[in-house]
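Per-entry structural report
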Amino acid sequence: MIDSWFGFKRPTATFLYYWAIANLAANVLLVVTGGAVRVTDSGLGCPTWPQCTSGSVTPHAAMGVHGLIEFGNRMLTWVLVVIAIATWVAAMRRVPVDRLSRRLATGVAMGVPLQAIIGGITVLTNLNPWIVAFHFLATMVIISLATWMVVHTGSAARGPDAGEPGATDAESAVLRRFGVLLAWALYALTWVTIYLGTVVTGSGPHAGDIKAHRNGLEPTQATQLHVDAVWTLVGLTAALILLAVAAVPSLRRAALIFGGVIVVQGIIGYVQYAAGLPEVLVILHMFGSALLMIGATQLVLATTRR
């Protein structure tokens, strides 16, 4: 056999872990390429779906660079499909059976084609801003699941005694429960913050196409609501970091990572607003949203370590 089916015949914990990382990275890359589609007004570069144009699955020369950008983003979906299937096969063939890995791999594998369908609906509705927002949020769901799988398979690959410390007898049970509540509150608030970010985008200049409609909200007011959520997130994060450093070591690493992501994402957000939403910073801010979801998911998962 060709190198034992390239590792799929008897997948090791490390082999599955690497595929889980690839799964997560590919979905984060989709956020970046989707951002490029939006800021370059290429959202309708392929004006129909699932074909690019009526009677053709590929763009023609007259469609210019916009058609190529949108088509390239669509082609990335097939890369995601291949990686998701490979991860699913590795999870299913892993011995001993890991039921959580199987469920997570199945969830991501099912989510990728569903996400492609939602993307098609955004095109067929001429980039309706509310559906575009749903398209972005669906990717965040997949990223959260993929992060869970990376953390879970990473623990298996490194062994039960490696990595971030779990809860110890030295931790106060009351303070730890408070830390758990804060972590879950931050996860929920991260979703609210990201959603409000899509509302801001839907009211702003980057519609994905010059003909696409906006959501009708006043951009300044939408931005202020988003900023209020961000500062609430910052305050809760600071509280969790202080608690983790002082009394709950099992949450310390995840809390510090999440705090770092919040700071960088906030700086990018303020700079892009002050600079008039330049394309590169908008894409970076979308990338930061994906990292924020990864950090929030890791934070919640850290509360389950023993």
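Here, the structure is the one placed above.
Residues numbered from 1 in each chain as written. Predicted model: local features only at pLDDT ≥ 70, side-chain atom pairs only at ≥ 80, totals over all residues. Heavy atoms only, no water.

The next point concerns the environment of G288. Counting through the fold element by element, G288 comes out in helix α9 (residues 279-302). For G288, a relative accessible area of 7% puts it in the buried group. With sequence-adjacent residues up to four places away left out, G288 is seen in contact with V261 and Q265. (Helix = DSSP H or I, 4+ residues; strand = E, 2+ residues; numbered from the N terminus. Buried < 20%, exposed > 50% of the residue type's maximum accessible area, 1.4 Å probe, protein only. Contact = heavy atoms within 4.5 Å.)

Where nonpolar side chains cluster on the molecular surface, the patch consists of V280, L284, F287 and L291 and spans about 320 Å² of accessible area. The exposure class assigned to L291 is partly exposed, which follows from its relative accessible area of 32%. (Patch = residues over 30% accessible without salt bridge, like charges linked within 9 Å, V, L, I, M, F, W, Y side chains within 5 Å. Areas by Shrake-Rupley, 256 points an atom, 1.4 Å probe, with all protein chains shown as cover. Salt bridge = Lys/Arg side-chain N within 4 Å of Asp/Glu carboxyl O.)

In total, this model carries one disulfide according to the counting rule given. Through a disulfide, C46 is tied to C52; the S-S separation comes to 2.1 Å. Where C46 bonds to C52 through sulfur, the torsion about that S-S bond is close to -80°, and the disulfide is left-handed. Judged by relative accessible area, C46 falls into the buried class, the value being 0%. (Disulfide = S-S within 2.5 Å.)

Right, let's get into the nonpolar core. M140, I143, F258 and L299 are the most contacted members of the largest nonpolar core, which totals 58 residues. Mapped by element, the contributors of at least two residues to this core are α2 (13-39), α3 (64-93), α4 (99-124), α5 (129-158), α6 (173-203), α7 (219-246), α8 (252-274) and α9. For this core, the element with the most residues is α9, which contributes 11 residues. In this structure, M140 is in contact with V31, W191, I194, S289, A290 and M293, ignoring residues within four places of it in sequence. (Core = buried A, V, L, I, M, F, W, Y, C linked by side-chain atoms within 4.5 Å.)

To continue, consider the pattern of salt bridges. A pair can form between side chains of opposite charge whenever their charged atoms are brought close. Scanning the model with the defined rule gives one salt bridge in all. For E70, the salt bridge identified is with R74, shortest N-O distance 3.0 Å. With a gap of four residues between them, E70 and R74 both fall in helix α3, about one helical turn apart. For the pair shown, E70 and R74 are each scored as buried.

To continue, consider α8. For α8, built from 23 residues, the straight-helix expectation of 33 Å at 1.5 Å per residue is met to within 8% by its first-to-last C-alpha distance of 33 Å. Buried within α8 are the following residues: A254, A255, F258, G259, V261, I262, Q265, G266, I268, G269 and Q272. Taken from the residues just after α8, G276 is the one with a positive phi, measuring 85°. (Expected span 1.5 Å × (residues − 1).)

All right, on to the packing of aromatic side chains then. Inspection of every chain in the model, using the stated rule, returns six aromatic pairs. Ring centres 6.4 Å apart and planes at 70° place the aromatic pair F15 and W19 in the edge-to-face group. Of this pair, F15 and W19 both sit in helix α2, four residues apart, which is roughly one turn of the helix. Given the relative accessible area of 22%, W19 is considered partly exposed. Taken together, the ring pairs in this structure connect F8, F15 and W19 into an aromatic cluster. (Phe/Tyr/Trp six-rings, centres within 6.5 Å; stacked < 30°, edge-to-face > 60°.)

Looking now at the packing of α2 against α9. At a minimum axis distance of 9 Å, the contact between α2 and α9 shows a crossing angle of 150°. What the angle tells us is that α2 and α9 run roughly antiparallel. The interaxial crossing formed by α2 with α9 has right-handed handedness. Seen from α2, the contacting residues are L24, V28, V31, V32, G34, G35, A36 and V39; seen from α9, they are E279, V282, I283, M286, F287, A290 and I294. Looking at the contact of α2 with α9, its residues break down into 12 nonpolar, two polar and one charged. (Axes fitted to C-alpha atoms, helices over the stretch in contact; angles between N-to-C directions. Parallel < 35°, antiparallel > 145°, perpendicular 65-115°, else oblique. Left-handed = near helix turned anticlockwise from the far one by under 90°. Nonpolar A, V, L, I, M, F, W, Y, C, P; charged D, E, K, R; others polar.)

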